[in-house]
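Summary of structural features
The primary structure of each chain is shown beneath.
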Amino acid sequence: MHEPAVTLTDYGLTLECWLFAALIAKSAPKQPVKRLWIAFFFFVGLASLLGGTVHGFLPDQSSLWHDIVWKSSLTAIGCTAAASWMLGAHLTGSASLTRWMPRIAAVLLVAYAGIVAFVSHRFFVAIAMYLPATVFLTIAMVMAHLREPKRGWAAGIIGLALTYAAAAVQQVKVAVHPVYFDHNALYHAIQAVALYLLFLAQSRVNRSAAA
């Protein structure tokens, strides 16, 4: 294994996210927004699985398998962004935005996938796709919290704030240890807490809606 800490923390995120997706799938009530949360966690988990595989087992950037798996990982990040756009639209409470956002997100995803496949597969392309969607989701979650402050969105807002903090840690390359637990592994560890808080937020809202 080439980068064990990065690979194992990536795989840990996959298990966490897919567990959350399974728990949401089994929960009640059955609402359209629930499918978006399932998609969100599924694609975060998939991106982590593929990214961890690249870091751990496909270090040769010139190999065909590295190219295929890395581009697939970036595409999964794009799918996560699409789910974030649609989740945000639901949380704003705007019927027209909720109706139109799937089409907008689909256009953005197709354009992004084309760029990844044929133009550039550098990670900044994924950031350019994911960051605006995350900002939009944050704004929408704040709006939902202000509209219904007792429904649990505070945990989600903290989780999204941790997501930004994790990204900053990764970009600045803050590490616990330069070899055994580098900036990517620390990013994954912080992200694991952030994802749990997002899951906690949606589960609290879900229970409130069922009450």
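The structure we're discussing is the one just above.
On a predicted model such as this, the values are computed, not experimentally measured, just so you know.

**Digging into the layout of surface pockets**
Of the voids in this model, the largest pocket is the one considered here, and its volume is about 1300 Å³. Looking at the lining of the largest pocket, the elements that each hand over two or more residues are α1 (4–26), α2 (32–57), α3 (64–92), α5 (123–147), α6 (153–172) and α7 (183–210). The residue makeup of the lining of the largest pocket, split by class, is 21 nonpolar, 19 polar and five charged. The computed volume of the second largest pocket comes to approximately 310 Å³.

**With respect to the nonpolar core**
One finds Trp37, Phe40, Phe41, Tyr112, Met141, Trp153 and Leu195 to be the most contacted residues of the largest nonpolar core, which totals 51 residues. Elements that contribute at least two residues to this core include exactly α1, α2, α3, α4 (95–118), α5, α6 and α7. If you tally residues by element for this core, the top one is α3, at 13 residues. Ignoring any residue separated from it by four or fewer positions in sequence, one finds Trp37 in contact with Ile24, Leu87, Met141, Trp153, Leu198 and Gln202. Of all hydrophobic cores here, the second largest spans five residues; its members include Ala166, Val169, Tyr187 and Ile190.

**Considerations on the pattern of salt bridges**
Applying the stated criterion across every chain, the model contains one salt bridge. Asp67 is the salt-bridge partner of Lys71, the closest N and O atoms lying 3.4 Å from each other. Here Lys71 and its partner Asp67 are both found in helix α3, four residues apart, which amounts to about one turn of the helix.

**A few points about α6**
A rise of 1.5 Å per residue sets the reference length of α6, with its 20 residues, at 28 Å; its end C-alpha atoms lie 29 Å apart and thus fit the reference within 8%. Every buried residue belonging to α6 is among Trp153, Ala155, Gly156, Gly159, Leu160, Thr163, Ala166, Val169 and Gln170, and all of these are buried. Two residues or fewer after α6 comes Lys173, characterised by a positive phi angle close to 65°.

Rules used throughout
Residues numbered from 1 in each chain as written. Predicted model: local features only at pLDDT ≥ 70, side-chain atom pairs only at ≥ 80, totals over all residues. Heavy atoms only, no water. 1 Å grid on protein atoms, 1.4 Å probe; cavity = no way out; pocket = protein on both sides within 12 Å on 5 of 7 lines; lining within 4 Å. Points joined across faces, edges and corners; volume = space filled by probe spheres on them. Helix = DSSP H or I, 4+ residues; strand = E, 2+ residues; numbered from the N terminus. Nonpolar A, V, L, I, M, F, W, Y, C, P; charged D, E, K, R; others polar. Core = buried A, V, L, I, M, F, W, Y, C linked by side-chain atoms within 4.5 Å. Buried < 20%, exposed > 50% of the residue type's maximum accessible area, 1.4 Å probe, protein only. Contact = heavy atoms within 4.5 Å. Salt bridge = Lys/Arg side-chain N within 4 Å of Asp/Glu carboxyl O. Expected span 1.5 Å × (residues − 1).

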